[in-house]
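Understanding the architecture of this molecule
Below, each chain spelled out in residue letters.
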Amino acid sequence: MTSTRTRPLGRPAGPTPGGRGTGGSGRGRRWSRHWFDNRALPRLLVAPALLLIFALIGYPVARTLWLSFHDAGLPALTGGGMDFVGLSNYTDIATDPQMRRVFVTTVVFGLACVVGTMVLGIAVALLLNRPFRGRALLGVLVLLPWAMPKVAAATVWRWLFHDQYGLVNWGLVSVGFSSFEGYAWFVSRVPAFTAIGVVVVWQSFPFVALSLLAGLQSIADDVVDAARIDGAGPWQVTRHITLPLLKPLLLVLVVISTIWDFKIFDQVYVMTQGGPARSTEVLSITTWREAFTQLDFGLASALAMAMFAILSVITVVYIRLVREDQGLSR
Amino acid sequence: MTAITPPAAPAGTTRPARRTQARVVTVLTYAAALVLGAFSVAPLVWMVLTSIKPRAEILTRDPVFWPSEPQWGRYVDVLERGFSGYLTNSLTVAAATTVLGVTVAALAGYSLARLQVGLKRYLLLVVLATQMFPMVVLIIPLFAVMRNLGLLDSLVGLVIAYLSFTTPLAVWILRGFFASIPDDLEDAALVDGCTRFGAIRRIVVPLAGPGIAASSIFVFIAAWNEFLFALTFVKQDSLRTLPVALQSLVGRAGADNGAIMATSVLFTLPVVVFFLLVHRRMTSGMVAGAVKG
């Protein structure tokens, strides 16, 4: 529902003091101004942004799709003249065990990060919703991981996970896990992904927690009070009142987190670069590697399109949820 | 505070039991708050501490928590060893992206919030969906175009690439801000004989100031932090931005961890300050009170 912009009726459109001798032309001017305000201006204002979006997003997406059906090395990519190969880039991906492993890794790692982020985010939101001294301070401190650039966070955590001098190993050993003495996190797959996952969750839980906190605080007190009076304990209030009311918000947060965690590049690149022996590659790393170190732009484009397809499905779900939630067409 | 609980009398168990339960909950709350605070802040604190430790105290089996002699000089070293150049590159790219992106986005955001543009619904969906795009989908064609236009190894190329993901974001944020400015104010100006442009200049721009500031900061942070495009499009060392410079320092064998941490601090500090700034801005109701005191 858009508000219809009505011109003030019964008033002269422009400052026409005296009003003599301006009869016809004033009317024409009013009409042209009306036309300009309501027809031309809106389009003019949107045009630059639209142009940018089409040139920098629309064209590249279409071109990547086109490239994914071609065999394109570096000279062909920039000079033209590449061979159409149909779906062979896609079939290459489907039959290559390394590629299949990357897909599985991306999904498993992404979902693990989402679960970690949501669990921690919910817990932190519930904590911050309780009255205690220092809550405001904690609310600011929790923002810091989110505020930190991803590359910087990955750098610092890489140092924290250092096998000999890292704080993490020292902490684990001092609480009794002596097997972590000199433990190398980045030489094999699962520990490396654990370390990367910690960084990802560390950086993304604040967003979830603070969004949920805002949601929690918007729940009317009387609903909770009514439940309390009816004898519900804090757990029952959470279980039967708070969570159901927050369900739409929770869904949106899950979808956003999923999209973010499937796209991860920076943290992996800084912490392991996909190694050792390509074992910690996720989809975006593999795509980048096929393109810019292997110079197989066709295959890389096919990988990018596969990722795009996965994320599109998630995005459609997301947009549906947003629409239901708040109605986009304000 | 002593944790003495009176022996529970068989008849009146409920009251003291409930009180102990409340106390347990309080203790647990504070414990959780402490753990959470430590988890959030420890990496940042450790980053700062490591950056000012003497070399000998960085590589120790048992961590040295407080540097015997803070090495503030390391920051000077880091800046002199080329990092002021990377810093300048990052600032230039982020500032240019912000100015261009926010200008374009403000126009579009206003139009989308106020005026009737056909396809408005779809536009908003496009804007929203672009936030979800994986950057790797854009990077190959953009790389080809930049290469053909001679924009690889240039900050201009980076700014153009950054507009791809910052403009939709800024449109989205600004549209919200413009929508929150009551229509009545503008209508009143129109009734009083202002042109649409006049109304925008006199009413909307001043009121949208906080929104423009907030979206500028968002765009600045996004451009400042960007890694993938910067890594791919710029190979010449003197044109690198901070994240790429930092990453290449990390990858180097035998790199000085103190210098790495000092660089991380320099890279992190401005965005953290900005971030905390916007956060407050965003939550303070900007136009509350503009209509009906």
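Procedures and definitions
- Residues numbered from 1 in each chain as written.
- Chains lettered and ligands numbered in written order.
- Predicted model: local features only at pLDDT ≥ 70, side-chain atom pairs only at ≥ 80, totals over all residues.
- Heavy atoms only, no water.
- Helix = DSSP H or I, 4+ residues; strand = E, 2+ residues; numbered from the N terminus.
- Buried < 20%, exposed > 50% of the residue type's maximum accessible area, 1.4 Å probe, protein only.
- Contact = heavy atoms within 4.5 Å.
- Areas by Shrake-Rupley, 256 points an atom, 1.4 Å probe, with all protein chains shown as cover.
- Buried area = accessible area lost by both parts, 1.4 Å probe.
- Salt bridge = Lys/Arg side-chain N within 4 Å of Asp/Glu carboxyl O.
- Polar contact = N/O pair within 3.5 Å; in protein donor to acceptor, adjacent residues only side chain to side chain.
- Nonpolar A, V, L, I, M, F, W, Y, C, P; charged D, E, K, R; others polar.
- pLDDT = per-residue confidence, 0-100.
- Expected span 1.5 Å × (residues − 1).
- Bend = angle between axes of the 7 residues up to and from the residue.
- Axes fitted to C-alpha atoms, helices over the stretch in contact; angles between N-to-C directions.
- Left-handed = near helix turned anticlockwise from the far one by under 90°.
- Core = buried A, V, L, I, M, F, W, Y, C linked by side-chain atoms within 4.5 Å.
- Domains from an automatic or database assignment.
- Parallel < 35°, antiparallel > 145°, perpendicular 65-115°, else oblique.
- Phe/Tyr/Trp six-rings, centres within 6.5 Å; stacked < 30°, edge-to-face > 60°.

A word on the overall build of chain B
- When helices and strands are tallied, chain B shows 11 helices and 0 strands.
- Along its sequence from the N terminus, chain B presents helices and strands in the succession α-α-α-α-α-α-α-α-α-α-α.
- Out of the 293 residues in chain B, the part that is buried amounts to 52%.
- A separation threshold of at least 6 residues defines the contact pool for chain B, and within that pool the share at least 24 residues apart is 71%.

Considerations on the overall build of chain A
- For chain A, the count of helices and strands is 14 helices and 2 strands.
- Going through the 330 residues of chain A one by one, you find that 48% of them count as buried.
- Put simply, 65% of the contacts in chain A that link residues at least 6 apart link residues at least 24 apart.
- By element, 64% of the accessible surface of chain A is carried by carbon and sulfur atoms, the whole surface being about 16100 Å².

Some words on the interface of chain A and chain B
- Residue-level contacts link 90 residues of chain A with 95 residues of chain B.
- For the chain A and chain B pair, buried surface summed over both sides reaches about 8700 Å², with 75% attributable to carbon and sulfur atoms.
- There are 0 salt bridges connecting chain A and chain B.
- Linking chain A with chain B are 8 residue pairs in polar contact (both at pLDDT 80 or more).
- In terms of residue class, the side of chain A that touches chain B is made up of 62 nonpolar, 14 polar and 14 charged.

As for the pattern of salt bridges
- Within this structure, the stated rule accounts for 6 salt bridges over all chains.
- One salt bridge in this structure joins Arg55 of chain B and Asp256 of chain B, with 3.5 Å as the shortest N-O distance. Of the two residues, Arg55 of chain B is situated in helix α2 (residues 55-58) and Asp256 of chain B in the loop between α10 (242-251) and α11 (257-283); the sequence distance between them amounts to 201 residues.
- When its relative accessible area of 17% is taken as the criterion, Asp256 of chain B is described as buried.
- In this structure, the salt-bridge partner of Arg74 of chain B is Asp256 of chain B, at a minimum N-O distance of 3.9 Å. Of this pair, Arg74 of chain B sits in helix α3 (residues 73-114) while Asp256 of chain B sits in the loop between α10 and α11, and the two are 182 residues apart along the sequence. Residue Arg74 of chain B shares its accessibility class with Asp256 of chain B, and that shared class is buried.
- Shared partners join several salt bridges into a network, and the residues in it are Arg278, Glu281, Arg289 and Glu290 of chain A.

Here's the deal with the environment of Leu283 of chain A
All names here are of chain A.
- Its place among the elements puts Leu283 in helix α13 (residues 283-292).
- For Leu283, a relative accessible area of 2% corresponds to the buried category.
- Through-space distance from the C-alpha of Leu283 to that of Phe103 is 6.4 Å; in sequence the pair is 180 residues apart.
- Apart from residues lying up to four places away in sequence, Leu283 is in contact with Val102, Phe103, Thr106, Leu303 and Met307.

Things to note about the confidence of the model for chain A
- On average, residues of chain A score 84 in pLDDT, and 88% of them are at 70 or above.
- Low pLDDT, under 50, characterises residues 1-24 of chain A; the predicted model gives this stretch 22 contacts beyond four residues in sequence or across chains.

Describing helix α11 (residues 234-262) of chain A
- Taking 1.5 Å per residue as the helical rise, α11 of chain A with its 29 residues ought to reach 42 Å, whereas the 35 Å between its terminal C-alpha atoms falls clearly short.
- The sharpest bend along α11 of chain A comes to roughly 55 degrees, located at Lys247 of chain A, with the proline Pro248 of chain A sitting one to four residues further on.

Looking at the packing of helix α7 (residues 183-191) of chain B against helix α8 (residues 196-225) of chain B
All names here are of chain B.
- α8 packs onto α7 with a crossing angle of 150 degrees between their chain directions and a minimal axis gap of 9 Å. The interaxial crossing formed by α7 with α8 has right-handed handedness. In contact with Leu185, Glu186, Ala189 and Leu190 of α7, α8 contributes Arg196, Ala199, Ile203, Val204 and Leu207.

Focus on the nonpolar core
- In this structure, Phe297 of chain A together with Ile140, Leu158, Tyr162, Phe229 and Phe233 of chain B are the most contacted members of the largest nonpolar core, which totals 189 residues.
- Counting residues per element, this core draws most heavily on helix α6 (residues 155-180) of chain B, which supplies 15 residues.
- If you count residues domain by domain, this core takes at least three from each of domain 1 (14-58) and domain 2 (83-283) of chain B.
- When near neighbours in sequence (up to four residues on either side) are disregarded, Ile140 of chain B contacts Leu67, Leu77, Ala291, Phe292, Phe297, Ala300 and Ser301 of chain A.

Focus: helix α4 (residues 97-128) of chain A
- For α4 of chain A, spanning 32 residues, the distance from its first C-alpha to its last is 46 Å, which sits close to the expected 46 Å at 1.5 Å a residue.
- For α4 of chain A, the N-terminal capping position is held by Asp96 of chain A, with its side-chain oxygen 2.8 Å away from the main-chain nitrogen of Gln98 of chain A.

Focus: the side chain of Ser68 of chain A
All names here are of chain A.
- Mapped onto the secondary structure, Ser68 falls in the loop between α1 (23-67) and β1 (70-71).
- Here Ser68 falls in the buried class, since its relative accessible area comes to 0%.
- Within polar-contact distance, the side chain of Ser68 engages the backbone oxygen of Leu65 at 2.6 Å.
- When residues no more than four places from it in sequence are discounted, the contact partners of Ser68 are Gly86, Asn89, Tyr90, Gly298, Ser301, Ala302 and Met305.

Re the environment of Val93 of chain B
Residues and elements named next belong to chain B.
- Of note, Val93 is situated in helix α3.
- When its relative accessible area of 1% is taken as the criterion, Val93 is described as buried.
- Here the alpha-carbon distance between Val93 and Tyr162, two residues 69 residues apart in the chain, equals 8.7 Å.
- Ignoring anything within four residues of it in the chain, the contact list for Val93 reads Leu155, Leu158, Val159, Tyr162 and Thr241.

A few points about the packing of helix α7 (residues 150-160) of chain A against helix α9 (residues 189-218) of chain A
All names here are of chain A.
- It is the contact of α7 with α9, at a shortest axis distance of 10 Å, that shows an interaxial angle of 135 degrees. Between α7 and α9, the crossing angle belongs to the class labelled oblique. Crossing angle aside, the handedness with which α7 passes α9 is right-handed. For the pair formed by α7 and α9, the contact residues are Lys150, Ala153, Ala154 and Trp157 on the first element and Val198, Val199, Trp202 and Gln203 on the second.

Structural notes on the packing of aromatic side chains
- As enumerated under the stated definition, the model contains 38 aromatic pairs over all chains in all.
- Joined through ring pairs, the aromatic side chains of Phe265, Tyr269, Trp288, Phe292 and Phe297 of chain A together with Phe143, Tyr162, Phe165, Phe227, Phe229 and Phe233 of chain B make up one cluster.

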